[in-house]
Amino acid sequence: ESDPYIKFELEQNNFVGDEDHGEHKSTTKENDLNPVYGETFHYNIPTLDNMELTVKVMDDDILGDDKMGKCKIKLEKLGLSGSPTPLREKVYNRVFGDDSYVFLTLTYVE
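Residues numbered from 1 in each chain as written. Predicted model: local features only at pLDDT ≥ 70, side-chain atom pairs only at ≥ 80, totals over all residues. Heavy atoms only, no water.

Trainee: I would appreciate a short explanation of the pattern of salt bridges in the present structure.
Mentor: Across all of its chains, the model carries 4 salt bridges by this definition. With its nearest N and O atoms 3.4 Å apart, the salt bridge here joins lysine 56 to glutamate 9. Taken as a pair, lysine 56 in strand β3 (residues 51-59) and glutamate 9 in strand β1 (residues 4-12) lie far apart in primary sequence, 47 residues in all. Judged on exposure class, the residue lysine 56 and its partner glutamate 9 are both buried. The network of salt bridges with common partners includes Lys7, Glu9 and Lys56. (Salt bridge = Lys/Arg side-chain N within 4 Å of Asp/Glu carboxyl O. Helix = DSSP H or I, 4+ residues; strand = E, 2+ residues; numbered from the N terminus. Buried < 20%, exposed > 50% of the residue type's maximum accessible area, 1.4 Å probe, protein only.)

Below, the structure is given as structure tokens:
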């Protein structure tokens, strides 16, 4: 069984030098291949321009955590606002197969 958690990493992909805006980590769900987290994370960013959110699904393991899959989301293309925007993103990896997804709800307030 897997003990999944999610790592969120936000960076701004600039023409010269990327700018890191931090990372967050969800709780770990023990022995759960279809976890529901219901957690909220906040980033303080100046703009959505060139912002990319990397979502990594990890397996908590005593001998070292394994990456189960990931996706990258370009935030500026989503038309985000203060109203919650539901998002369904495919997680690409070799473990899950073809139909694994993360479901997120994103908002952006200037």
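Further notes follow.
Trainee: Got a minute to help me understand the layout of surface pockets in this structure?
Mentor: Over the atoms rolls a probe the size of a water molecule, and its path tells where empty space is left. If you add up the space inside the largest pocket, you get close to 1200 Å³. Phe8, Glu39, Leu104, Thr105 and Leu106 are the residues nearest the centre of the largest pocket, which is lined by 38 residues in total. Contributions of two or more residues to the lining of the largest pocket are made by β1, β3 and β6 (101-106). Tallying contributions element by element places β6 first for the lining of the largest pocket, with 6 residues. The residue makeup of the lining of the largest pocket, split by class, is 27 nonpolar, 9 polar and 2 charged. (1 Å grid on protein atoms, 1.4 Å probe; cavity = no way out; pocket = protein on both sides within 12 Å on 5 of 7 lines; lining within 4 Å. Points joined across faces, edges and corners; volume = space filled by probe spheres on them. Nonpolar A, V, L, I, M, F, W, Y, C, P; charged D, E, K, R; others polar.)

Trainee: Quick question: what am I supposed to make of the sheet that holds β3 here?
Mentor: Adjacent strands of a sheet pair through backbone hydrogen bonds, lying either parallel or antiparallel. Pairing within the open sheet is antiparallel, and its 4 strands lie in the order β2-β1-β3-β4. Edge strands, defined here as strands with exactly one partner in the open sheet, are β2 (19-25) and β4 (66-74). Taken over all neighbouring pairs, the strand axes of this sheet differ in orientation by 15 degrees on average, direction set aside. Here β1 pairs with β3 via 9 bridges, running antiparallel. (Pairing = 2+ DSSP bridges. Axes fitted to C-alpha atoms, helices over the stretch in contact; angles between N-to-C directions.)

Trainee: I'm lost on the nonpolar core in this one. Help?
Mentor: Among soluble globular proteins, nonpolar side chains are generally buried collectively. In this structure, Leu53, Val55, Ile73, Leu75 and Leu104 are the most contacted members of the largest nonpolar core, which totals 21 residues. Of all the secondary-structure elements, those providing two or more residues to this core are β1, β3, β4 and β6. For leucine 104, the contacting residues outside a window of four places in its chain are Phe8, Val55, Ile73, Thr85, Pro86 and Leu87. (Core = buried A, V, L, I, M, F, W, Y, C linked by side-chain atoms within 4.5 Å. Contact = heavy atoms within 4.5 Å.)

Trainee: Would you mind going over the side chain of glutamate 9 with me for this structure?
Mentor: A polar contact of 3.4 Å, which involves the side chain of glutamate 9, links it to the side chain of lysine 56. Not counting chain neighbours up to four residues away, the residues in contact with glutamate 9 comprise Gly22, Glu23, Tyr43, Glu52, Leu53, Thr54 and Lys56. (Polar contact = N/O pair within 3.5 Å; in protein donor to acceptor, adjacent residues only side chain to side chain.)

Trainee: Where do I start with the side chain of histidine 21 in this structure?
Mentor: Tracing the sequence through the fold places histidine 21 in strand β2. Every residue in contact with histidine 21, bar those within four places of it in the chain, is listed here: Leu10, Glu11, Gln12, Tyr43, Asn44, Ile45, Pro46 and Met51.

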